[in-house]
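Report on the structure
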Amino acid sequence: FVAALLTFVPAAPTARAQDGAPPTEKATDKVSGRNADLKAAFAGVAKTASQYVARVSANGKALGFAVYLDGGWALTSDEVVAKAAVVQLEGSAGSFRATVHARRPDTGFALLKVEGTPNAPRGIPLGKTADLSIGRFVVVVSDAPTPVAVGVVSAKERAVEPSQHEKNILMG
(Lines give C-alpha, C1' and ligand atoms only; values in the text may rest on other atoms or scores of the structure.)
Protein backbone atom coordinates (compact mmCIF):
# COMPACT_ATOMS: atom_id res chain seq x y z
CA PHE A 1 0.00 0.00 0.00
CA VAL A 2 1.78 3.12 -1.22
CA ALA A 3 0.64 6.54 -0.01
CA ALA A 4 2.07 10.02 0.01
CA LEU A 5 0.72 13.04 1.80
CA LEU A 6 0.51 16.33 -0.07
CA THR A 7 -0.45 19.36 1.96
CA PHE A 8 -2.96 21.80 0.52
CA VAL A 9 -1.42 24.78 -1.26
CA PRO A 10 -4.06 27.41 -2.11
CA ALA A 11 -2.14 29.16 -4.88
CA ALA A 12 -0.08 26.41 -6.46
CA PRO A 13 1.80 27.20 -9.70
CA THR A 14 0.48 25.41 -12.76
CA ALA A 15 2.27 22.78 -14.79
CA ARG A 16 1.31 20.92 -17.95
CA ALA A 17 -0.36 17.59 -17.23
CA GLN A 18 1.51 14.45 -18.33
CA ASP A 19 -1.11 13.55 -20.92
CA GLY A 20 -1.41 17.00 -22.53
CA ALA A 21 -4.29 19.40 -22.24
CA PRO A 22 -6.70 19.03 -19.31
CA PRO A 23 -10.09 17.47 -20.05
CA THR A 24 -12.91 19.82 -20.90
CA GLU A 25 -15.40 20.62 -18.16
CA LYS A 26 -18.86 19.04 -18.35
CA ALA A 27 -21.99 20.89 -17.33
CA THR A 28 -22.29 18.59 -14.29
CA ASP A 29 -18.80 19.68 -13.18
CA LYS A 30 -19.83 23.31 -12.73
CA VAL A 31 -19.63 24.56 -9.15
CA SER A 32 -19.93 27.98 -7.58
CA GLY A 33 -18.98 29.90 -4.45
CA ARG A 34 -16.57 28.28 -2.01
CA ASN A 35 -16.82 24.97 -3.83
CA ALA A 36 -15.43 26.62 -6.95
CA ASP A 37 -12.49 27.95 -4.91
CA LEU A 38 -11.79 24.48 -3.50
CA LYS A 39 -12.13 22.84 -6.90
CA ALA A 40 -9.68 25.32 -8.41
CA ALA A 41 -7.21 24.88 -5.55
CA PHE A 42 -7.25 21.09 -5.68
CA ALA A 43 -7.00 21.16 -9.47
CA GLY A 44 -3.92 23.34 -8.99
CA VAL A 45 -2.40 20.82 -6.59
CA ALA A 46 -3.01 18.01 -9.09
CA LYS A 47 -1.44 20.03 -11.93
CA THR A 48 1.55 20.94 -9.77
CA ALA A 49 2.06 17.33 -8.66
CA SER A 50 1.98 16.10 -12.27
CA GLN A 51 5.34 17.73 -13.01
CA TYR A 52 6.95 15.28 -10.58
CA VAL A 53 5.44 12.18 -12.19
CA ALA A 54 7.29 10.10 -14.77
CA ARG A 55 6.17 7.24 -16.97
CA VAL A 56 8.32 4.13 -16.32
CA SER A 57 9.26 1.90 -19.27
CA ALA A 58 11.73 -0.85 -20.08
CA ASN A 59 12.63 -2.16 -23.53
CA GLY A 60 10.00 0.11 -25.06
CA LYS A 61 7.19 -1.31 -22.91
CA ALA A 62 5.29 0.97 -20.51
CA LEU A 63 5.38 -0.43 -16.98
CA GLY A 64 3.71 2.23 -14.83
CA PHE A 65 4.52 5.51 -13.11
CA ALA A 66 7.01 6.88 -10.58
CA VAL A 67 7.26 10.05 -8.50
CA TYR A 68 10.52 11.99 -8.37
CA LEU A 69 12.05 12.52 -4.92
CA ASP A 70 14.86 14.95 -4.09
CA GLY A 71 18.46 13.85 -4.50
CA GLY A 72 18.11 11.92 -7.77
CA TRP A 73 15.63 9.29 -6.56
CA ALA A 74 12.23 8.13 -7.75
CA LEU A 75 9.60 6.10 -5.91
CA THR A 76 7.37 3.58 -7.65
CA SER A 77 5.40 0.45 -6.95
CA ASP A 78 7.36 -2.76 -6.54
CA GLU A 79 5.23 -4.50 -9.14
CA VAL A 80 6.14 -1.84 -11.74
CA VAL A 81 9.82 -2.86 -11.69
CA ALA A 82 9.51 -6.47 -10.54
CA LYS A 83 11.10 -7.76 -13.77
CA ALA A 84 13.44 -4.86 -14.58
CA ALA A 85 16.86 -3.76 -13.33
CA VAL A 86 17.13 -0.66 -15.50
CA VAL A 87 14.22 1.53 -16.60
CA GLN A 88 13.56 4.73 -18.52
CA LEU A 89 11.70 7.61 -16.82
CA GLU A 90 9.86 10.06 -19.07
CA GLY A 91 7.91 13.09 -17.96
CA SER A 92 7.70 16.85 -18.20
CA ALA A 93 11.24 17.12 -16.76
CA GLY A 94 12.67 15.08 -19.64
CA SER A 95 13.89 11.53 -20.13
CA PHE A 96 16.18 9.82 -17.61
CA ARG A 97 17.65 6.36 -17.19
CA ALA A 98 17.24 4.85 -13.71
CA THR A 99 18.35 1.70 -11.97
CA VAL A 100 16.31 -0.26 -9.46
CA HIS A 101 18.12 0.48 -6.20
CA ALA A 102 15.83 -1.36 -3.76
CA ARG A 103 12.57 -3.31 -3.84
CA ARG A 104 10.23 -4.12 -0.96
CA PRO A 105 7.55 -6.55 -2.15
CA ASP A 106 6.17 -6.72 1.41
CA THR A 107 5.33 -2.98 1.39
CA GLY A 108 4.89 -2.54 -2.36
CA PHE A 109 7.66 0.06 -2.72
CA ALA A 110 10.58 0.27 -5.10
CA LEU A 111 13.28 2.93 -5.02
CA LEU A 112 14.96 3.98 -8.26
CA LYS A 113 18.27 5.83 -8.60
CA VAL A 114 18.07 8.38 -11.40
CA GLU A 115 21.29 8.48 -13.44
CA GLY A 116 22.90 11.86 -14.01
CA THR A 117 21.93 12.99 -10.51
CA PRO A 118 23.14 16.62 -10.90
CA ASN A 119 20.63 17.02 -13.77
CA ALA A 120 17.88 14.94 -12.19
CA PRO A 121 14.50 16.60 -11.72
CA ARG A 122 13.53 18.16 -8.41
CA GLY A 123 11.50 15.95 -6.11
CA ILE A 124 7.87 16.45 -5.21
CA PRO A 125 7.46 18.59 -2.09
CA LEU A 126 5.89 16.20 0.41
CA GLY A 127 4.20 17.38 3.58
CA LYS A 128 5.50 16.45 7.01
CA THR A 129 3.12 15.18 9.62
CA ALA A 130 4.82 17.43 12.21
CA ASP A 131 3.73 20.46 10.16
CA LEU A 132 0.07 19.47 10.02
CA SER A 133 -2.48 21.44 11.93
CA ILE A 134 -6.08 20.62 12.71
CA GLY A 135 -8.36 22.02 10.02
CA ARG A 136 -5.73 21.87 7.27
CA PHE A 137 -6.76 20.44 3.89
CA VAL A 138 -4.74 17.44 2.69
CA VAL A 139 -4.58 15.31 -0.42
CA VAL A 140 -3.48 11.68 -0.05
CA VAL A 141 -2.31 9.79 -3.14
CA SER A 142 -1.93 6.00 -3.03
CA ASP A 143 -2.40 2.80 -4.98
CA ALA A 144 -5.42 1.82 -2.90
CA PRO A 145 -8.76 1.08 -4.59
CA THR A 146 -9.52 4.81 -4.22
CA PRO A 147 -6.19 6.33 -5.33
CA VAL A 148 -6.82 9.97 -4.37
CA ALA A 149 -8.55 11.22 -1.26
CA VAL A 150 -9.13 14.77 -0.11
CA GLY A 151 -9.85 15.63 3.47
CA VAL A 152 -9.38 17.83 6.47
CA VAL A 153 -7.11 16.99 9.41
CA SER A 154 -9.48 16.45 12.34
CA ALA A 155 -7.06 15.26 15.03
CA LYS A 156 -3.36 14.71 15.71
CA GLU A 157 -1.42 12.20 17.78
CA ARG A 158 -4.36 10.03 18.75
CA ALA A 159 -3.85 6.31 19.22
CA VAL A 160 -5.51 4.34 16.44
CA GLU A 161 -4.81 0.66 15.95
CA PRO A 162 -4.41 0.09 12.19
CA SER A 163 -6.05 -2.86 10.49
CA GLN A 164 -3.78 -5.46 8.90
CA HIS A 165 -4.46 -3.84 5.50
CA GLU A 166 -3.39 -0.40 6.80
CA LYS A 167 -0.12 -1.43 8.44
CA ASN A 168 1.99 -0.63 5.35
CA ILE A 169 0.94 2.99 4.99
CA LEU A 170 3.64 5.60 4.44
CA MET A 171 2.71 9.08 5.57
CA GLY A 172 5.11 11.71 4.13
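The present account deals with the structure reproduced in this document.

Rules of the game
- Residues numbered from 1 in each chain as written.
- Predicted model: local features only at pLDDT ≥ 70, side-chain atom pairs only at ≥ 80, totals over all residues.
- Heavy atoms only, no water.
- Helix = DSSP H or I, 4+ residues; strand = E, 2+ residues; numbered from the N terminus.
- Contact = heavy atoms within 4.5 Å.
- Pairing = 2+ DSSP bridges.
- Axes fitted to C-alpha atoms, helices over the stretch in contact; angles between N-to-C directions.
- Salt bridge = Lys/Arg side-chain N within 4 Å of Asp/Glu carboxyl O.
- Buried < 20%, exposed > 50% of the residue type's maximum accessible area, 1.4 Å probe, protein only.

1. Comments concerning the environment of P121
Counting through the fold element by element, P121 comes out in the loop between β7 (109–114) and β8 (137–142). Spatially, the C-alpha atom of P121 lies 7.1 Å from that of G72, the residues being 49 residues apart in sequence. Each residue touching P121, except ones within four places of it in the same chain, is listed here: Y68, L69, A93 and F96.

2. A short note on the side chain of S77
You can see S77 is positioned in strand β4 (residues 73–77). Excluding residues within four positions of it along the chain, S77 makes contact with G108, F109 and A110.

3. Overview of the sheet that holds strand β5 (residues 86–91)
Strands belonging to one sheet form pairs held by backbone hydrogen bonds; the direction of such a pair is parallel or antiparallel. Here six strands make up a closed barrel; going around it, the order is β2-β3-β4-β7-β6-β5 and the pairing antiparallel. Each strand of the sheet is rotated relative to its neighbour by a mean of 40 degrees, with strand direction disregarded.

4. Brief notes about the pattern of salt bridges
Taken as a whole and assessed by the stated rule, the structure comprises three salt bridges. For R97, the salt bridge is made with E115, and the minimal N-O distance between the two is 3.1 Å. Separated by 18 residues along the polypeptide, R97 in strand β6 (residues 94–104) and E115 in the loop between β7 and β8 bring together distant segments of the chain. Classification of R97 by relative accessible area gives partly exposed; the value is 42%.

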